[in-house]
Each structure stands twice: as C-alpha cells, then as structure tokens.
Amino acid sequence: MRRKLAAGNWKMNGTQADLAEVTALAARHADAGVDILLCPPATLIAAMTAARGTSAIAVGGQDCHAESSGAHTGDTAAAMLADAGATHVIVGHSERRADYGETSQIVRRKAQAAHAAGLIAVICIGETLQEREAGRTLDVVGGQLSASVPDGTDGTMTVIAYEPVWAIGTGKVPTLDQIAEVHGFLRAQLADRFATGAQTFRLLYGGSVKAGNAADIFGVADVDGALVGGASLTAADFSPIIAALDASR
Ligand code: PGA
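Residues numbered from 1 in each chain as written. Predicted model: local features only at pLDDT ≥ 70, side-chain atom pairs only at ≥ 80, totals over all residues. Heavy atoms only, no water.

Asker: I'd like a rundown of the site of the ligand, residues and numbers included.
Answerer: Around the ligand, the structure places 13 residues, and the nearest of them are Lys11, His93, Glu163, Gly169 and Ser208. Between an oxygen atom of the ligand and a side-chain N or O atom of Glu163, the distance comes to 2.7 Å. For the ligand, an oxygen atom lies 2.9 Å from a polar atom in the backbone of Gly230. For the ligand, the accessible surface in isolation is 280 Å², of which the surrounding protein chains cover 96%. For the shell around the ligand, a count of residues per class yields 4 nonpolar, 7 polar and 2 charged. (Near = heavy atom within 4 Å. Polar contact = N/O pair within 3.5 Å; in protein donor to acceptor, adjacent residues only side chain to side chain. Areas by Shrake-Rupley, 256 points an atom, 1.4 Å probe, with all protein chains shown as cover. Nonpolar A, V, L, I, M, F, W, Y, C, P; charged D, E, K, R; others polar.)

Asker: Can you tell me about helix 10 (residues 235-247), naming the residues and giving the values?
Answerer: Taking 1.5 Å of rise per residue, 13 residues should cover 18 Å, and helix 10 covers 18 Å from first to last C-alpha, within 8% of that figure. Of all the positions in helix 10, only Ala235, Phe238, Ser239, Ile241, Ile242, Ala244 and Leu245 are classed as buried. Contact partners of the buried residues in helix 10: strand 1 (5-9), helix 1 (19-28), strand 2 (35-39), helix 9 (211-218) and strand 8 (225-228). (Helix = DSSP H or I, 4+ residues; strand = E, 2+ residues; numbered from the N terminus. Expected span 1.5 Å × (residues − 1). Buried < 20%, exposed > 50% of the residue type's maximum accessible area, 1.4 Å probe, protein only. Contact = heavy atoms within 4.5 Å.)

Asker: Now, about the environment of Asn13: what can you tell me, with residues and values included?
Answerer: Its location among the elements puts Asn13 in the loop between strand 1 and helix 1. Note: C-alpha distance between Asn13 and Leu233 (220 residues apart in sequence) is 8.0 Å. For Asn13, the residues in contact, after removing those within four places along its chain, are Pro41 and Leu233. From its side chain, Asn13 meets the backbone oxygen of Trp10 in a polar contact 2.8 Å long.

Asker: Quick rundown of the packing of aromatic side chains? Include the residues and the values.
Answerer: Each pair of aromatic rings is reported with the distance of its centres and the angle of its planes. Counted by the stated rule, this structure contains 2 aromatic pairs. Here Phe194 and Phe201 contribute two aromatic rings whose centre-to-centre distance is 5.1 Å and whose plane-to-plane angle is 55°, an arrangement assigned as tilted. The exposure classification of Phe194 matches that of Phe201, with both residues buried. (Phe/Tyr/Trp six-rings, centres within 6.5 Å; stacked < 30°, edge-to-face > 60°.)

Asker: Just give me the short version of the pairing of strand 7 (residues 202-206), but keep the residues and values in it.
Answerer: The buried count for strand 7 comes to 5 of 5 residues, which makes it a mostly enclosed element. For strand 6 (residues 158-162) and strand 7, the ladder comprises 4 bridges, and the chain directions are parallel. Bridge assignment links Val159 to a residue of strand 7, and that residue is Arg202. The parallel pair strand 6 and strand 7, bridged by helix 8 (residues 176-194), forms a crossover whose chirality is right-handed. One ladder, built from 2 bridges, connects strand 7 with strand 8; its direction is parallel. Bridging across to strand 8, Gly206 finds its partner in Leu227. Taking the sense of rotation as the criterion, the β-α-β connection linking strand 7, helix 9 and strand 8 turns out right-handed. (Pairing = 2+ DSSP bridges. Right-handed = clockwise from strand over helix to strand, strands pointing away.)

Asker: How would you explain the environment of Leu19 if you had to name every residue and give the values?
Answerer: Of note, Leu19 is situated in helix 1. Accessibility expressed as a relative area gives 9% for Leu19, which makes it buried. In the structure, Leu19 is positioned 33 residues away from Arg52 in sequence and 8.6 Å away in space, judged by C-alpha atoms.

Asker: Report on the sheet that holds strand 1, specifying residues and quantitative values.
Answerer: What the 8 strands build is a closed barrel, ordered 1-2-3-4-5-6-7-8; its pairing is parallel. Direction aside, neighbouring strands of the sheet carry axes that sit 25° apart on average. Across 4 bridges, the pairing between strand 4 (residues 88-91) and strand 5 (residues 120-125) is parallel. Paired with His88 across the bridge in strand 5 is Ile120. Helix-sheet contacts for helix 5 (residues 104-116) involve strand 4, strand 5 and strand 6, and the interaxial angle to strand 5 is about 165°. Of the strands in this sheet, strand 5 and strand 6 are in contact with helix 7 (residues 137-148), which crosses strand 5 at around 155°. (Axes fitted to C-alpha atoms, helices over the stretch in contact; angles between N-to-C directions.)

Shown next, in the form of structure tokens:
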C-alpha cells in the first residue's frame, strides 16, 4: 500500500516567526499515520528542520537547479537543499513553469539532479483553464508526465502532484469525477511505462485544498494525498487536512 502524503508548499511566504506553526503541527500530529512534508522558502529549510524536533515532519525545497554547482547566481543546487536538512524538493510547479519558462525537459533534469542528491522529487503537472476548455487535459498532463518524469525511477524517489493551474490559489476545485479521471489516467500512463513499479508512485492532488473539501478529495480513487499551498501556512488550517488524510486510510 502507498503511504499517504500531506505536503505543504509555503511558496514565497514565511520567516523565522512562522516556525511556531511547525512546532504546533509537530505536537498535534506526533503519531500521524500519514507522511507530512513542508516545503518552506530555502532560507527556512535549516531552521524548520530544527523546529520540527523529533517529529516525523519532513522538510523540502520548492525548486532546485538542474546542475550540481557553478555560475548560476541566485539558484540553489539539490545537494545544498539536502545539506540544509531537506529530504524532498518540488520541481516543475506551474508557477515556475509560467514565471521562468521551465519546460518539462528542464523539469526532468531537475528531478534527476534531485535524485542524484538523494532527494525525493515532487514533480508537478497540470493543465491551464484554456487547455481544459479545449478538451486537452489528458493530452497535456500525459505529455507533461512522460517528459518530466525521468526513466528508472519509482515511488521511493518520485511523487507526482496533479495541480490544475486554474485551481491553484483560486478557490476553484475540479469535480471529484474530474480528479478521478486524471488520476486514473496518470496511473494507467505510469503502468504503461514503469510496469509493476507504477503502483508505488504517490499521486497527490493540488489546487485549493482546504479543510472543507479535503475529505471528499481524499475519497477519490488514486488520490494518495495533497499538495497544499495557502492552507499549509498555519497549523490551524493544515492540521484538519492532515487529519482528513489520516482518516481516509
Ligand atoms: P493552493 O496552492 O493550495 O494555495 O491552491 C497549491 C499549490 O500551488 O501547490
């Protein structure tokens, strides 16, 4: 069975003062039956690793460079994230694809860099509203999946997050049928490519997950957890989502 994962993406939010949220989360979910991951800005990775104490909360980066070192001002190598205490890194988030023109080929190289540094890559894919309205959702996410996920990986080193771009930060959420359709499709695509290993990949849903919709979303087949943005910033918001995931097991 795949262990469920509640992942939080703090995006460009958070300073030392916000680490109290992590301490609170660690206390509330000391014996959670699901994996918990928080991805703060890179400046907070080391401090968050300290703040989570002996709890099982994992800490991850939000991006890494495809190269292992060199003249890339402002960028962070995967091994540097690991050195700061990270065990995971998000790659290919739609905000990076949109803001920095990251293609799926670049995302694949970043995932390979993450793996080389021993980090679990959380690879994000998802269609825009325009693509969905044009009936191209499965084409788009299928193409992103095959180009972004490196060969020779499995669920121990790679997590897939399906995040419809139009659902991120908007309060709009696909119907449960729409989520089921995409997750089922992704699982089938993985099965074609990775044979038996396909069952090991965790498929997260992301985009406006909140306490109020989490239980319904976690009831959908092939949803193994969530990648949560805004509602991961405070323990008060993230904790009920973790609890809903735990209850869905
Ligand atoms: P949201 O963001 O939960 O704020 O919609 C999700 C994400 O971008 O990972």
